[in-house]
Amino acid sequence: MRRSRILTAVLALAAGLLTGGPPAALAAGTPTPAVAADTYTWKNARIDGGGFVPGIVFNRTEKDLAYARTDIGGVYRWQERTRSWTPLLDSVGWTDWGHTGVVGLASDPVDPDRVYAAVGTYTNDWDPANGAVLRSADRGATWERTGLPFKLGGNMPGRGMGERLAVDPHDNDVLYLGAPSGNGLWRSTDAGVTWSQVRAFPNPGDYAQDPDDPSGYASDNQGVVWVTFDESTGTAGAPTRTIYVGVADKENAVYRSTDAGATWQRIAGQPTGYLAHKGVLDAGSGSLYLAYSDTGGPYDGARGRLYRYATATGTWTDISPVAEADTYYGFSGLTVDRQNPGTVMATAYSSWWPDTQIFRSTDGGATWTQAWRYTSYPDRENRYTMDVSSAPWLTWDAHPSPPEQTPKLGWMTESLEIDPFDPDRMMYGTGATIYGTENLTNWDSGAKFAVEPMVRGLEETAVNDLASPPSGAPLLSALGDIGGFRHTSLTEVPPMMYTSPNFTSTTSLDFAETNPDTVVRAGNLDSGPHIAFSTDNGATWFGGTDPSGVSGGGTVAAGADGSRFVWSPEGAGVQYTNGFGTSWQASSGVPAGAIVESDRVDPKTFYAFESGRFYVSTDGGATFSPSAATGLPAGDSVRFKALPGARGDVWLAGGAPDGAYGLWHSTDRGATFTRLPNVEQADTIGFGKAAPDASYQTLYTSARIGGVRGIFRSTDKGASWVRVNDDAHQWGWTGAAITGDPRVFGRVYVATNGRGVVYGDPSGGGDDGGGGTEPAPTGGCAVAYTVTNQWTGGFQADVRLTNTGSAPWNGWSLGWSFPDGQRVTAMWNAEPTGSGGTVTARNVGWNAAVAPGSSVNFGFTAEWSGTNSKPASFELGGRRCSVVT
């Protein structure tokens, strides 16, 4: 279930390595780093989806060019060859974090290289920055930005309506943008460089979800919500004459201009009492189809209608597939088949139970069929099959009773698009993924069409906490909306989120440092416990018992040996327990709402922080005493952790620009803290494996150092820092959590608010004791070679090398020849040698060891011209590897 998400950083603020082409970057002044930098390879720990996709846009003139927008996770471009999505807004930085929320998206039908995004996350004061329109002339590889004098709401109510942003199909220098908050309709006549309000447009909208909401979130006027051009009313190079605009006003929802936007009129005879979520014009039939709901969505909607407006005659026809009295949902997803005029589809976006519904008509709405129907209640018959094996967690491990099924067809289905070049391909977004089919027309013949996730590469989770234990799974994640995962592999989708219980959001997790099989997590749940425990490293779980008054997860800490736990839940004071939470007792001496952590050596020592004070317990959390330390951040935007293997060694990060803000270190259990003078601001702190020549663990932080915001690493206890990300990899706000990997030097896991878990490895490899001798692996090998993106003159590829033999490798060297003269230009996670089209990729220090049955991944970019065929064979140590797909 997708809910609105508020950054905790708001209170303090007044994929990975791109699976596409050249890294995206905003065209802006780049500060010169005052600290050293390392080159890292960035990827996502795969989850595939995890959030709401309110918009999918196919380009109307170029086959296979499509984009998706997310409410907080940026824009993605579809890669047909790999059937995956490329993230395009990873370059959005800390200051402009709100620009990862996307409320409008447009792909230029005249020049397909151009794409536009209207960005901004909240229209109230949760987001301090105004919105902007981003424009790209290279399909989102790079962007330029024009700021707007108002805010946009990619994560606000009504975000599934649209598209608010549109390019004139005849004069592509002309764009329109529908604005929220009473700001009306805006226009650009210079391809998005400058914008001005269309003063002649008469109605800025008046609908708000809840006019009395004091936060300003639900009380905002949802404004002008979509723009549609009638392409039959223009000629190339001249602005389209007829334009339709949808407004969030139940009495005056649709307007039209017949003079290229000079004047506007409310269309006569239109239905009232509803909001028009979408307006899609079928140029072949001259019909404007409209999907109506009684609310703005994306969660609500109790009644809805579908209408067809005949643009030639001005006739309105109610084409709803069910009677108004029988709807308990609104309509929103709406699309037409551009190859077959009169074929239209729509979704019942707010049909939460028992499932969403999709409707299809091939006669302009005169008759309809639906994706599923009741045979004899509660039994139902589906026109489709579903296969979620590529993302099996989409079943939610649910075991519903009929008429519910698992996996569900979806919910919050506000985006629905038939490929304009292929009537058999359709994609639709849900609150958790993108589903699609490539045999849609089976629907019309009575055969079943196949639905499956089409979401690989699109990672859209908000990450609340991360942990990397010294044994077991390399990564445990705490996520908003879908709870979190035990990631046994970073390159494969986990089979299931945490269950028993299944939190809607996990707010905190921890493991026992000397007994990593013991794990605890806390989170939010409408009914049931807010805490859960595992004794097998997070593979299986059982719920604890809540103390009285608990209303939310809060933070939780596991004692170093797993014998006791301290929990600071919402709605109740700090609690402690011996054992697995069957009963709790109130801790004394520590205020409610404090952030809690554990010492990683002493099982009876716990720490807490609240409102500038640090607290210590040495009796297992029963009593806390305030530290005498002063000068710490006054607010609660703080993250702190104790160092594994060192009793009483604590690092604390956090603060706010109007007060103390930075990174502090204590070696005496928090009795005193020393602020690091070389760190201007810091928001997270984490630890990883020490460098080969270091005795102290590696530090990682999301911070501002040397005047530069970024992700930083220190191998000398904070005396010096190296920036490990770059301006193309910033991911907006990264202030929730960070951790290194205790088993792999240099590897760091970063929490984002909408781009999932990103992890980085040094591109040149960090020497952790492996390598240094000529590789001589024995046994079998297998290679999977995948081109992840291709652009004019260049491409990017991933290679997975698997040890299929029975003996471990202590080094490897993989060779191949390109058949078409391709030349490698850069490589990561391996060292390239060779000349021309002959390439050898040799391990770097940290990935030399490959156990039987295990794999190692590396990637590269290369030049090509003419043809880009795959290598026919690969050799390892003089042996030919099998090639797998």
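Residues numbered from 1 in each chain as written. Predicted model: local features only at pLDDT ≥ 70, side-chain atom pairs only at ≥ 80, totals over all residues. Heavy atoms only, no water.

**Topic: the confidence of the model for the protein chain**
Thinking step 1. On average, residues of the protein chain score 93 in pLDDT, and 94% of them are at 70 or above.
Thinking step 2. Overall, residues 1-34 carries pLDDT values under 50, and its contacts beyond four positions in sequence, including any with other chains, amount to 119 contacts.
Thinking step 3. Across residues 766-775 the pLDDT falls below 50, and counting only partners more than four positions away or on other chains, this stretch makes 24 contacts in the model. (pLDDT = per-residue confidence, 0-100. Contact = heavy atoms within 4.5 Å.)

**Some remarks on a nonpolar patch on the surface**
Thinking step 1. Among the surface-exposed residues, Trp-353, Tyr-374 and Tyr-377 lie close enough to one another that they form a single nonpolar patch of about 350 Å² accessible area.
Thinking step 2. For Trp-353, the location among the structural elements is in the loop between strand S25 (344-348) and strand S26 (357-361).
Thinking step 3. Since its relative accessible area comes to 44%, Trp-353 is described here as partly exposed. (Patch = residues over 30% accessible without salt bridge, like charges linked within 9 Å, V, L, I, M, F, W, Y side chains within 5 Å. Areas by Shrake-Rupley, 256 points an atom, 1.4 Å probe, with all protein chains shown as cover. Salt bridge = Lys/Arg side-chain N within 4 Å of Asp/Glu carboxyl O. Helix = DSSP H or I, 4+ residues; strand = E, 2+ residues; numbered from the N terminus. Buried < 20%, exposed > 50% of the residue type's maximum accessible area, 1.4 Å probe, protein only.)

**Observations concerning the environment of Asn-868**
Thinking step 1. On the secondary structure map, Asn-868 appears in the loop between strand S70 (855-863) and strand S71 (875-876).
Thinking step 2. Overall, the relative accessible area of 8% leaves Asn-868 in the buried class.
Thinking step 3. For the pair Asn-868 and Ala-782, spaced 86 residues apart in sequence, the C-alpha separation works out to 22 Å.
Thinking step 4. Excluding anything up to four places from it in sequence, Asn-868 contacts Arg-81, Val-787, Gln-790, Phe-795, Asp-820 and Gln-822.
Thinking step 5. There is a polar contact of 2.8 Å between the side chain of Asn-868 and the side chain of Gln-790.
Thinking step 6. A distance of 2.8 Å separates the side chain of Asn-868 from the side chain of Gln-822, its partner in a polar contact. (Polar contact = N/O pair within 3.5 Å; in protein donor to acceptor, adjacent residues only side chain to side chain.)

**So, the environment of Pro-298**
Thinking step 1. Within the secondary structure, Pro-298 sits in the loop between strand S21 (287-293) and strand S22 (304-310).
Thinking step 2. For the pair Pro-298 and Ala-66, spaced 232 residues apart in sequence, the C-alpha separation works out to 22 Å.
Thinking step 3. The residues touching Pro-298, leaving out its near neighbours within four places in the chain, are Phe-52, Gly-158, Arg-159, Tyr-349, Met-412 and Glu-414.

**Brief notes about the state of the cysteines**
Thinking step 1. For the structure on display, the rule yields one disulfide.
Thinking step 2. Shown here is the disulfide that connects Cys-781 with Cys-881, its sulfur atoms set 1.9 Å apart. What sets the handedness of the Cys-781 and Cys-881 disulfide is the S-S torsion sign, and at about -95° it is left-handed. Here the residue Cys-781 occupies a position in strand S62 (residues 781-791), and Cys-881 occupies one in the loop between strand S72 (879-880) and strand S73 (882-884), the gap between them amounting to 100 residues.
Thinking step 3. Judged by its relative accessible area of 5%, Cys-781 falls in the buried class. (Disulfide = S-S within 2.5 Å.)

**Some details on empty space enclosed by the protein**
With a probe scaled to a water molecule rolled over the atoms, the places where space remains empty come into view.
Thinking step 1. The calculated volume of the largest cavity comes to roughly 100 Å³.
Thinking step 2. Lining the largest cavity we find Val-103, Thr-123, Gly-153, Met-156, Pro-157, Arg-164, Pro-180, Gln-209, Tyr-217, Ala-218, Asp-220 and Gln-222.
Thinking step 3. In terms of residue class, the lining of the largest cavity is made up of six nonpolar, four polar and two charged. (1 Å grid on protein atoms, 1.4 Å probe; cavity = no way out; pocket = protein on both sides within 12 Å on 5 of 7 lines; lining within 4 Å. Points joined across faces, edges and corners; volume = space filled by probe spheres on them. Nonpolar A, V, L, I, M, F, W, Y, C, P; charged D, E, K, R; others polar.)

**Comments concerning the side chain of Ser-351**
Thinking step 1. Looking at the secondary structure, you find Ser-351 in the loop between S25 and S26.
Thinking step 2. What Ser-351 contacts, discounting residues up to four positions off in sequence, is Tyr-328, Tyr-329 and Thr-356.

**Description of the pairing of strand S52 (residues 661-666)**
Thinking step 1. Burial analysis of S52 places six of its six residues in the buried class, which makes it a mostly covered element.
Thinking step 2. Of the two faces of S52, the one lined by Tyr-661, Leu-663 and His-665 and the one lined by Gly-662, Trp-664 and Ser-666 are each fully buried.
Thinking step 3. Sheet topology places S52 next to strand S53 (residues 674-675); two bridges connect them, and they run antiparallel. Each bridged residue has a counterpart across the sheet, and for Trp-664 the counterpart in S53 is Arg-675. (Pairing = 2+ DSSP bridges.)

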